[in-house]
Amino acid sequence: MSKVCLEKINKVFDGRIQAVCDVDLEVKEGETMVLLGPSGAGKSTILRLIAGLENATSGDIYLNDELVNNKEPRERDVAMVFQHYSLYPHMTVFENMGFALKMQRTPKELIAEKVLHTAKMLEIEDLLERKPYQLSGGQRQRAALGKVIVREPKVFLFDEPLSNLDQMLRKTARKQIKEILKKLGATAVYVTHDHREARVLADKVCVLNFGRIQQVGTYDEIRQTPVNEFVAGFFCEE
């Protein structure tokens, strides 16, 4: 796994819309950092910058002390889980989970071993021959997570992956994600506007508003000692 470091990151769209402003942030190896804030706070933009799906207007991004500003997404060895599950509808769960390994020309035996191991971890081994339309929302979410885990990326990036689930499934899924990340010793950056997800998942929380970091700390630290009126008001909405 790898640590993530953002130094003086700015992102301006169309030469006038500043989505991210002077962001300095470090995510330690094996840590889950939750980016928390309202819509338009810059959370997903920061995630896309780390992934290489967007280029920073200025500033530097390091993965494990390596500058990656000019590296393509596939060269950064990060994996992203989106709101929409990104499962290929014509493939089985097994084929979806093993697809990236197949593209890397991984031997079939090793693909099968990795997929089965991950499926057992996620408790979906009995779903491997099904296609996405045959799965419930919670099952699709776990299959999408499995598709990422088998790659063994340096960093996991989550863009509100539970937003399509009902409250009961979300409660179960966030506990499961936390357990899996800890079991893997994974470094993760997780975007949400949901306080409950932040409380359950985060080692550290980064509160954002209008592209600027307002406060970084543990969930309890921020809730008990907010640094400004915005943070206090945002946590009062819990």
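Owing to the predicted nature of the structure, the values given are computational and were not obtained by experimental measurement.

Rules of the game
Residues numbered from 1 in each chain as written. Predicted model: local features only at pLDDT ≥ 70, side-chain atom pairs only at ≥ 80, totals over all residues. Heavy atoms only, no water. Helix = DSSP H or I, 4+ residues; strand = E, 2+ residues; numbered from the N terminus. Rg over C-alpha atoms; globule rule 2.2 N^0.38 Å. Buried < 20%, exposed > 50% of the residue type's maximum accessible area, 1.4 Å probe, protein only. Contact = heavy atoms within 4.5 Å. Areas by Shrake-Rupley, 256 points an atom, 1.4 Å probe, with all protein chains shown as cover. Lys, Arg positive; Asp, Glu negative; His and termini not counted. Charge placed at Lys NZ, Arg CZ, Asp CG, Glu CD. Pairing = 2+ DSSP bridges. Axes fitted to C-alpha atoms, helices over the stretch in contact; angles between N-to-C directions. Arc of directions from axis to C-beta. Polar contact = N/O pair within 3.5 Å; in protein donor to acceptor, adjacent residues only side chain to side chain. Expected span 1.5 Å × (residues − 1). Phe/Tyr/Trp six-rings, centres within 6.5 Å; stacked < 30°, edge-to-face > 60°. Lys NZ or Arg CZ within 6 Å of the ring centre and 35° of its normal. Parallel < 35°, antiparallel > 145°, perpendicular 65-115°, else oblique. Left-handed = near helix turned anticlockwise from the far one by under 90°.

Trainee: Can you walk me through the overall build of the protein in this structure?
Mentor: Scanning the protein from N- to C-terminus turns up eight helices and ten strands. Taking 18 Å as the expected radius of gyration for a compact globule of 238 residues, we find that the protein reaches 18 Å, a close match to that expectation. If one aligns the C-alpha atoms of the protein with their principal axes, the spans along those axes are about 50 × 40 × 30 Å. Within the protein, the proportion of its 238 residues that are buried is 48%. Within the protein, contacts between residues separated by at least 24 positions form 66% of all contacts whose residues are at least 6 apart in sequence. Accessible surface, the protein: about 12000 Å² in total, of which carbon and sulfur atoms supply 47%. Looking at charge distribution, the protein has the averaged site of its 34 positive side-chain charges lying 4 Å from that of its 34 negative ones.

Trainee: Could you clarify how one ought to interpret the sheet that holds strand β10 (residues 212-217) in this entry?
Mentor: In any sheet, the strands associate via hydrogen bonds between backbone groups, in a parallel or an antiparallel arrangement. Taken in spatial order, the six strands make up an open sheet running β6-β7-β8-β3-β9-β10, and their pairing is mixed. Each of the sheet's edge strands pairs with one partner strand only, and the pair in question is β6 (78-81) and β10. Across this sheet, the average inter-strand angle for adjacent strands is 20 degrees, counted without regard to direction. By the bridge criterion, five bridges tie strand β9 (residues 204-209) to β10 in an arrangement that is antiparallel. Its bridge partner lying in β10, Val205 is registered against Gly217.

Trainee: When you look at helix α8 (residues 229-236) in this model, what are you seeing that I'm missing?
Mentor: Taken residue by residue, α8 has Val231, Phe234 and Phe235 as its buried positions. Each buried residue of α8 sits inside an arc of 95 degrees when the element is viewed along its axis, so together they form one side. Turned more than 90 degrees away from the buried face of α8 sit Glu229 and Cys236, all of them exposed. Where α8 is buried, its residues contact β3 (32-36), α6 (195-201), β9, β10 and α7 (219-224). Of the residues that open α8, the one with a side-chain oxygen 3.2 Å from the backbone nitrogen of Phe230 is Asn228.

Trainee: Is there a simple way to think about the environment of Val27 in this case?
Mentor: With respect to the element layout, Val27 can be found in strand β2 (residues 17-27). Exposure remark for Val27: the relative accessible area of 2% places this residue in the buried category. Distance from Val27 to Leu169, taken between C-alpha atoms, is 28 Å for residues 142 residues apart in sequence. Contacts of Val27, omitting those with residues within four sequence positions, involve Lys3, Val4, Met33, Thr187, Ala188 and Val189.

Trainee: Where do I start with helix α4 (residues 137-149) in this structure?
Mentor: Count 3.6 residues to each turn of an α-helix, and residues three or four apart come out pointing the same way. In this model α4 runs 18 Å from its N-terminal to its C-terminal C-alpha over 13 residues, within 8% of the 18 Å that 1.5 Å per residue would give. Across the 13 residues that make up α4, a large majority, eleven, are buried. Within α4, burial applies to Gly138, Gln139, Gln141, Arg142, Ala143, Ala144, Leu145, Gly146, Lys147, Val148 and Ile149. Its buried side turned inward, α4 meets β6, α2 (93-103), α3 (108-122), β7 (155-159) and α5 (167-184).

Trainee: Could you clarify how one ought to interpret the packing of aromatic side chains in this entry?
Mentor: Aromatic ring pairs: the centre-centre distance and the angle between the two ring planes describe each pair. Applying the stated criterion across every chain, the model contains six aromatic pairs. Aromatic pair Tyr88 and Phe99: ring centres 5.1 Å apart, planes at 65 degrees, arrangement edge-to-face. Of this pair, Tyr88 sits in the loop between β6 and α2 while Phe99 sits in helix α2, and the two are eleven residues apart along the sequence. Overall, the relative accessible area of 23% leaves Phe99 in the partly exposed class. Seen from their ring centres, Phe230 and Phe234 are 5.8 Å apart, and the 15 degrees between their planes marks the pair as stacked. Of this pair, Phe230 and Phe234 are both found in helix α8, four residues apart, which corresponds to roughly one turn of the helix. When its relative accessible area of 6% is taken as the criterion, Phe234 is described as buried. Members of the aromatic cluster, connected to one another through ring pairs, are Tyr219, Phe230, Phe234 and Phe235. One cation-aromatic arrangement involves Lys11 over Phe13; the distance from NZ or CZ to the ring centre is 5.0 Å.

Trainee: It is not clear to me how the packing of α2 against α3 should be interpreted in this structure. Could you clarify?
Mentor: When two helices pack together, their arrangement is given by the angle between their axes and by how far apart the axes lie. Direction vectors running N to C along α2 and α3 enclose 135 degrees, while the axes themselves pass 10 Å from each other. If you check the angle between α2 and α3, you find them oblique. Crossing angle aside, the handedness with which α2 passes α3 is right-handed. Across from Phe94, Met97, Gly98, Leu101 and Lys102 in α2, the residues of α3 making contact are Ile111, Ala112, Lys114, Val115, Thr118 and Ala119.

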